[in-house]
Amino acid sequence: MAIQEPKTNIKDGANYSPEGKVAKVIADNQFYFSVAFLDHGHIYAQTNGLVQAGATLKYVFDSDAKRLAEFCAKFPQVKVADSFEQILEDKQTQLVACAAIPNKRAEWGIKVMRSGKGFFTDKSPFTTLQQLAEVKSVVAETGQKYAVYYAERLHNEAAWHAGELIKAGAIGRVLQVITLAPHRLSKNTRPDWFFDKTAYGGILTDIGSHQVEQFLTYAGVFDAAINFARVSNLNNPDKSGLEDFGEMSMTAENGASFYARVDWFTPDGQATWGDGRTFILGTQGNIECRKYNDVARQAPASKVFLTNSEGEQEIDCLGKSGFPFFGQLILDVINRTETAMTQEHVFKAAELSMLAQKIADKANVEN
């Protein structure tokens with residue numbers, strides 16, 4: 001099968017924004033959101049997902065004029081706020097989407113929630129366990145939501161459909177989840193903070209939070225014990241703050257096991273920014289997700305391969321399954337429900353990835 005002409009820049013993971021389908025869950029001008037701090041390109045995907053679910057984009061704020069101009073060109077309906085405080089004080093805005101430098105996300109989220117609004121941040125939502133504790137306290141204090149864009153499941157059709165198949169009993173009880181998450185480094189295009197570990201928190205804290213979130217969801221568990229964790233800089237000595245490889249293993253309270261590999265080694269010849277895959281073993285079958293491409297056959301691609309007692313299936317999800325999370329999030333903010341994702345789940349995925357990072361960091365110091 002020939003490589004397809006992409007609708008988005010599928011070679012650039014930092015700015016990759018899935019097209020998706022318009023699937024409005026509310027009437028026009030029923031739900032307003034604003035955007036602040038555009039440090040990571042995921043803000044385009046966060047914004048697009050909310051708009052396609054029916055949300056009305058009101059304000060954007062950033063101190064960088066170039067980033068601001070690029071965002072306004074993509075979303076010309078938006079108004080530029082004079083300050084972050086203008087968004088905090090706006091009575092219409094119900095949710096603030098943010099893709100700040102990772103170690104600043106908790107700080108901005110606390111300000112947003114204390115202003116009476118929900119917060120929707122890019123992953124990773126925290127870089128330290130202290131930030132997590134502070135945000136938990138403010139969530140309890142304000143009753144507001146601290147939502148996270150765990151895109152590798154929420155904004156990928158194959159990954160989402162795999163979850164629906166599991167809930168429907170297609171493979172029985174989940175016994176093991178394996179995730180492989182290679183990314184293209186594109187070193188010369190990255191900002192300075194990308195190579196500062198205090199800013200991004202480490203590769204397991206960052207990319208790893210996606211993987212842990214998938215495990216908790218697919219295995220249907222709340223918590224897990226960490227078996228081992230490793231991080232390293234294997235091939236980028238000129239960027240001492242970069243961790244270009246990480247891996248971790250966990251076992252959940254129900255016995256389900258988990259292994260994840262995260263890295264920055266996608267080769268330049270690959271059609272997409274990363275050949276992300278998930279393998280899910282169940283008592284009655286198994287699932288493989290090819291999330292972004294089907295090597296040498298199709299790119300972009302979003303496919304599920306299902307094998308169970310009924311036989312083998314190749315399920316093409318690209319452009320078909322949609323992204324229900326965004327509509328669910330909007331309705332959760334309006335109705336004070338937890339359909340999209342529970343707050344406990346949001347926090348636990350981040351906590352486990354940071355705990356794994358700590359274990360890996362400690363091992364590196366001891367060695």
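Refer to the structure printed above.
What counts and what doesn't
- Residues numbered from 1 in each chain as written.
- Predicted model: local features only at pLDDT ≥ 70, side-chain atom pairs only at ≥ 80, totals over all residues.
- Heavy atoms only, no water.
- Axes fitted to C-alpha atoms, helices over the stretch in contact; angles between N-to-C directions.
- Helix = DSSP H or I, 4+ residues; strand = E, 2+ residues; numbered from the N terminus.
- Parallel < 35°, antiparallel > 145°, perpendicular 65-115°, else oblique.
- Left-handed = near helix turned anticlockwise from the far one by under 90°.
- Contact = heavy atoms within 4.5 Å.
- Nonpolar A, V, L, I, M, F, W, Y, C, P; charged D, E, K, R; others polar.
- Patch = residues over 30% accessible without salt bridge, like charges linked within 9 Å, V, L, I, M, F, W, Y side chains within 5 Å.
- Areas by Shrake-Rupley, 256 points an atom, 1.4 Å probe, with all protein chains shown as cover.
- Salt bridge = Lys/Arg side-chain N within 4 Å of Asp/Glu carboxyl O.
- Buried < 20%, exposed > 50% of the residue type's maximum accessible area, 1.4 Å probe, protein only.
- Pairing = 2+ DSSP bridges.

J.: Sorry, what's going on with the packing of helix 1 (residues 42-52) against helix 2 (residues 65-74) here?
T.: Between helix 1 and helix 2, the least distance of the axes is 12 Å, while the angle of their chain directions is 30°. Considering the angle they form, helix 1 stands roughly parallel to helix 2. In this structure, helix 1 meets helix 2 at a crossing whose hand is right-handed. In this structure, helix 1 uses Ile43, Tyr44 and Thr47 to contact helix 2, whose residues at the interface are Arg67, Glu70, Phe71 and Lys74. The residue inventory of the contact of helix 1 with helix 2, partitioned by class, reads three nonpolar, one polar and three charged.

J.: Quick question: what am I supposed to make of a nonpolar patch on the surface here?
T.: Nonpolar side chains collect at one region of the surface, where Val25, Leu331 and Ile334 lie side by side and expose about 180 Å² of accessible area between them. Mapped onto the elements, leucine 331 comes out in helix 10 (residues 325-335). Look at leucine 331 and you get partly exposed, because its relative accessible area is 30%.

J.: I keep staring at the sheet that holds strand 1 (residues 32-36) and nothing clicks. Help me out?
T.: Sheet strands associate in pairs through backbone hydrogen bonding, adopting either a parallel or an antiparallel arrangement. If you walk across this open sheet you meet the six strands as 3-2-1-4-5-6, and the pairing is parallel. Looking at the sheet topology across the chains shown, the edges are occupied by strand 3 (79-80) and strand 6 (146-149). Strand direction decides the pairing type here: strand 5 (residues 118-122) and strand 6, joined by four bridges, are parallel. Bridging across to strand 6, threonine 121 finds its partner in valine 148. Running at roughly 150° to strand 4 (residues 93-98), helix 1 makes contact with strand 1, strand 2 (56-61), strand 4, strand 5 and strand 6 of the sheet. Against the sheet, helix 2 makes contact with strand 1, strand 2 and strand 3, and its axis sits at roughly 165° relative to strand 2, the strand it touches most.

J.: Help me understand the sheet that holds strand 8 (residues 224-232), please; the structure alone is not making it clear to me.
T.: The eight strands are arranged 8-9-10-7-11-12-13-14 in an open sheet whose pairing can be described as mixed. Lying at the two open borders of the sheet, with one neighbouring strand each, are strand 8 and strand 14 (311-316). Shown here is a sheet whose adjacent strand axes are inclined to one another by a mean of 10°, direction ignored. Here strand 7 (residues 174-182) runs beside strand 11 (residues 277-282); their pairing, made up of six bridges, is antiparallel. Of the residues in strand 11, the one forming a bridge with valine 177 is isoleucine 280. Strand contacts of helix 11 (residues 343-366): strand 8 and strand 9 (245-252), with the helix running at about 50° to strand 8, the strand carrying the most contacts.

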